[in-house]
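# Inside the fold
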Amino acid sequence: MGKPTGFLEYTRKQVKYKPAIERIKDFHEFHEMQSEEVQKEQAARCMDCGVPFCQSGTVFQGMVSGCPLGNLIPEWNDFLYHNMVEQAFYRLKKTNNFPEFTSRVCPAPCEYACTCSLNGEAVTIKENERSITEKAYALGLAKARPPILRTGKKIAVVGSGPAGLTVADRLNQKGHSVTVFEREDRAGGLLMYGIPNMKLEKKIVEEKIKVLEEEGILFAYDSEVGKNIKAKQLKEEFAAIVLACGASEPRDISVKGREGKGIHFAVDYLKSATKSLLDPSLAKETIFSAQNKRVLVIGGGDTGNDCIGTAIRQGAKSVLQLEIMPELPEQRRKNNPWPEWAKIKKTDYGQEEAAAVFGEDPRVYETTVKEFLLNEKGEVKKAILAKVGQAPLFPLIEGSEREIDVDMVLIAAGFSGTQSAIAKAFDLTLDQRNNIPTQLNRFQTEQKNIFACGDTRRGQSLVVWAIREGREAAEEVHQALLNMH
Ligand SMILES: Cc1cc2nc3c(=O)[nH]c(=O)nc-3n(C[C@H](O)[C@H](O)[C@H](O)COP(=O)(O)OP(=O)(O)OC[C@H]3O[C@@H](n4cnc5c(N)ncnc54)[C@H](O)[C@@H]3O)c2cc1C
Ligand code: SF4
C-alpha cells in the first residue's frame, strides 16, 4: 500500500472531461488527464485490502463483480503512487493485453467492487489504469517486442475485434505464426467501427495494430471467411482456426412502417460516421448524417448513447431516446448490495450532451414505438410512441399513444447473436442464443482444431470480456498445438 492513511486523507477526484457544449464541436476524445499530484493522491486511496474484490471477476446474482481480467489493481496502484511507471505498466500488461482500450472504454465493474465504495467512494481504478498507460506510452514502453523464437505452427484468427486481437497477440508471443482475417478494410472490430471516435480515437487502435504487425502478426483485410476466403482453404493451411467474429446480428423491431427510408441499425450508422471521419473523401450520399434531423433512438443502452453523441456532433435538430425498462434508482437498492454490479441510473456522455444542447435529458422510459408513418417518398416522418406495461411482455398501454415528428430513426435494441453464415461455413450449429457453442468452460467447438471466443461465443458483451476470452482461448489453442504432431 502506497500510503496507509491515503483513503482517510484524500477524497475521490472525478475524471475530468471537457464541458459538454465545448466537446460536441468535434469528434475527438474529451477526457483530460489529472495532474501528477492528483494521480498520486488517487493511487494512494487504494487500501490494498486483504481480499481485493476489485480484482476478482466473481459472479454474484448472475452478474460479474470486479475486473473480469483479474487485473492486479492494488499492486499497480502502489507502483503508480511511487511513480514506478515501468513496474506498474508491466504488472498491468501481465493480465491485460490492451490497457489502452480498457482504460478508455471499460465500464469499470472493478469500481463497484472496491472496498472504499462500501461506505464511501471507490478508488478511481479506471483512471489510474489510464494514467499508467499514458505514462508508459510517453516513456516508449509500449513499443513492439517480437518473440525471439518461432514454432513453425500457423494459426488463423477470424475477426480482428478485441477477442481476435488478444488471441493473435498471445499466440504470436508464444512463437506461433498468426494471420488475422478481417472482412472490413481496417482492424479492431467494434473498437474501430462501433465505439465512436470521441470515446476511443481510431488512431489509438491503428497505432496498436501497427505494433502487432511489427511483432509479426499478419492482417488480411477485405477477407470475409465463408465468402471470398473459403473455410476449406483455412483448414488446409492452418493448424488451428479461432473464430472471433463477434455477435453482430442486430435485433430488429417489428412494427408497421419499419421499411421506411431513414430507419437504420445503430451500428451501421456509427460505422458510417467513423468511416466519414477516417476517409473524408467518401461520397456524401454514402453517409447517414443526422445533420438538421429530428432523431429518434430506440434503445436506452450504451449503443443508443453513442448514437446520441454522434448525432449531436453531426448537428441533429433534436434527439429522443426510448427505453423500454423503468428508470433505475440513483442509489443501490437494498437487494443490490456491494460488491454486486450496481443497478443504478447512469447518465452517459451523450445524454449529458443532449441535456446541455436541448435543455433536457433525452430519455423517456417504459416507452416503445407502435408505428412509423412514412411520406409519399417512403421516408419516415412520424413515429407513434406508446407506454408499455411490465417485463417480460411489455404490453402496450392503450390510450397512451402520442405522435412525434422524426426524420431519422436509429435502432439500438441489442444483438441477436453470431451471423449464421460463418457457422455454416465451418459446419457448426449455433446454440439457442445464436452463439457458437463450445465445450463447457472451454473454447474448442464441436469441430476439431476449431475454437471460438469473444462475443461470438458468449453473446454481446464488453471489451474486457472479449480480452479475457481471447486470453483463455489462446492458452487452450497453445496446449492443443503442443499435443499436435
Ligand atoms: C456501438 C457499440 C458500443 C460499444 N461500446 C462499448 C464500450 O464502451 N465498452 C465496452 O466494454 N464494450 C462496448 N461494446 C461492446 C464491445 O465492443 C464488444 O463486446 C467487443 O467488441 C466484442 O469483441 P469481439 O472481438 O468478440 O467482436 P467484435 O468486436 O464484434 O469483432 C468481430 C470482428 O469479426 C469480423 N468478422 C465477422 N465475421 C467475419 C468473417 N466471416 N470473416 C472475417 N471477419 C469477420 C467483424 O468484421 C469484426 O471486425 C460496444 C458495442 C457496440 C455495438
Ligand atoms: S479492465 Fe475494466 S474492470 Fe479491469 S481494472 Fe480496468 S477498468 Fe477495471
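Relevant structure appears above.
Numbering of residues starts from 1 in each chain and follows the order in which that chain's sequence is written. As a convention, the first chain written is A and the first ligand written is 1, with the rest following in written order. Totals for whole chains, interfaces and linings use all residues, but because this is a predicted model, local features are given only for residues with pLDDT of at least 70 and pairs of side-chain atoms are given and counted only at 80 or more. Values shown for side chains rest on all heavy atoms present in the structure; no hydrogens or waters enter the calculation.

### Some thoughts on the site of ligand 2
Any residue with a heavy atom positioned within 4 Å of a molecule or strand is treated as near that molecule or strand. Around ligand 2, a shell composed of C67, N71, I73, T102, C106, A108, P109, C110, I125, K126, E129 and V464 is seen. The helix count covers DSSP runs of H or I at least four residues long, the strand count covers runs of E at least two residues long, and both are numbered beginning at the N terminus. At the level of secondary structure, the elements contributing two or more residues to the shell around ligand 2 comprise α7 (109–112) and α9 (125–138). Considering each element in turn, the shell around ligand 2 owes the most residues, 3 residues, to α9. Each residue is assigned to one class: nonpolar for Ala, Val, Leu, Ile, Met, Phe, Trp, Tyr, Cys and Pro, charged for Asp, Glu, Lys and Arg, and polar for all the others, Gly among them. A breakdown of the residues in the shell around ligand 2 according to their chemical character gives 8 nonpolar, 2 polar and 2 charged.

### Some words on the packing of aromatic side chains
To pair, rings of Phe, Tyr and Trp, with the six-membered ring standing in for Trp, must have centres within 6.5 Å; the planes then decide the type, stacked if under 30 degrees apart, edge-to-face if over 60, and tilted in the middle. Evaluated as defined, the whole model comprises 8 aromatic pairs. Both rings, one in Y17 and one in F30, keep their centres 5.4 Å apart while their planes meet at 75°; by these two values the pair is edge-to-face. Of the two residues, Y17 sits in strand β1 (residues 16–17) while F30 sits in the loop between α2 (20–23) and β2 (31–32), which places them 13 residues apart along the sequence. Assessed through its relative accessible area of 7%, F30 is described here as buried. Residues F181 and F238 carry aromatic rings whose centres are separated by 5.9 Å and whose planes lie at 90° to one another, so their mutual orientation is edge-to-face. One end of the pair, F181, is in strand β6 (residues 177–181); the other, F238, is in the loop between α13 (231–237) and β8 (240–243), and 57 residues separate them in sequence. Buried, partly exposed and exposed residues are distinguished by accessible area as a fraction of the type maximum, computed with a 1.4 Å probe on protein chains only: under 20%, between the cut-offs, and over 50%, respectively.

### Observations regarding unusual backbone geometry
Glycine aside, negative phi is the norm for most residues, and most peptide bonds take the trans geometry. Cis peptide bonds are those with omega within 30 degrees of zero, and the linkage from W338 to P339 qualifies with 0°. Tracing the backbone shows P339 in the loop between β11 (318–323) and α16 (349–358). Put simply, A391 and P392 share a cis peptide bond, and its omega is 0°. In this structure, P392 sits in the loop between β14 (380–387) and β15 (402–405). The backbone phi angle of D48 is positive, close to 45°, even though this residue is not glycine. With respect to the secondary-structure elements, D48 resides in the loop between α3 (36–44) and β3 (58–60). Note on D48: relative accessible area 38%, which makes it partly exposed. We note that Q61 has phi near 50°; this positive angle belongs to a residue other than glycine.

### Topic: the sheet that holds strand β17 (residues 450–452)
Two strands are counted as paired when DSSP detects at least two bridges linking them. Strand order in the open sheet formed by 5 strands is β7-β6-β5-β8-β17, and the pairing between neighbours is parallel. Both outer strands of the open sheet, β7 (218–220) and β17, are each paired with one neighbouring strand and no more. The mean angle between the axes of side-by-side strands here comes to 20°, regardless of whether they run parallel or antiparallel. Bridging between strand β5 (residues 154–158) and β8 involves 4 bridges; their strand directions are parallel. Within the sheet, the bridge partner assigned to I155 lies in β8 and is A240. What counts as an axis is a line fitted to C-alpha atoms, over the stretch in contact for a helix, and the angles between N-to-C directions run from 0 to 180 degrees.

### A look at the site of ligand 1
The local shell around ligand 1 holds 36 residues, among which V105, E182, K199, D455 and V463 are the closest. Two N or O atoms form a polar contact when they lie within 3.5 Å of each other; inside protein one atom must be a possible hydrogen donor and the other a possible acceptor, and for residues adjacent in sequence the pair counts only when both atoms belong to side chains. Here V225 contributes a backbone N or O atom positioned 2.9 Å from a nitrogen atom of ligand 1. In the environment of ligand 1, an oxygen atom lies 3.0 Å from a nitrogen or oxygen atom belonging to the backbone of S461. For accessible areas, the Shrake-Rupley method is used with a probe of radius 1.4 Å. Any residue's cover is judged against the shown protein chains and nothing else. Protein contact buries 96% of the 1000 Å² of open area that ligand 1 shows by itself. Within the residue set of the shell around ligand 1, elements represented by two or more residues are α10 (162–173), α14 (266–278), α15 (302–314) and α19 (463–482). Taken together, the residues of the shell around ligand 1 break down into 18 nonpolar, 11 polar and 7 charged.

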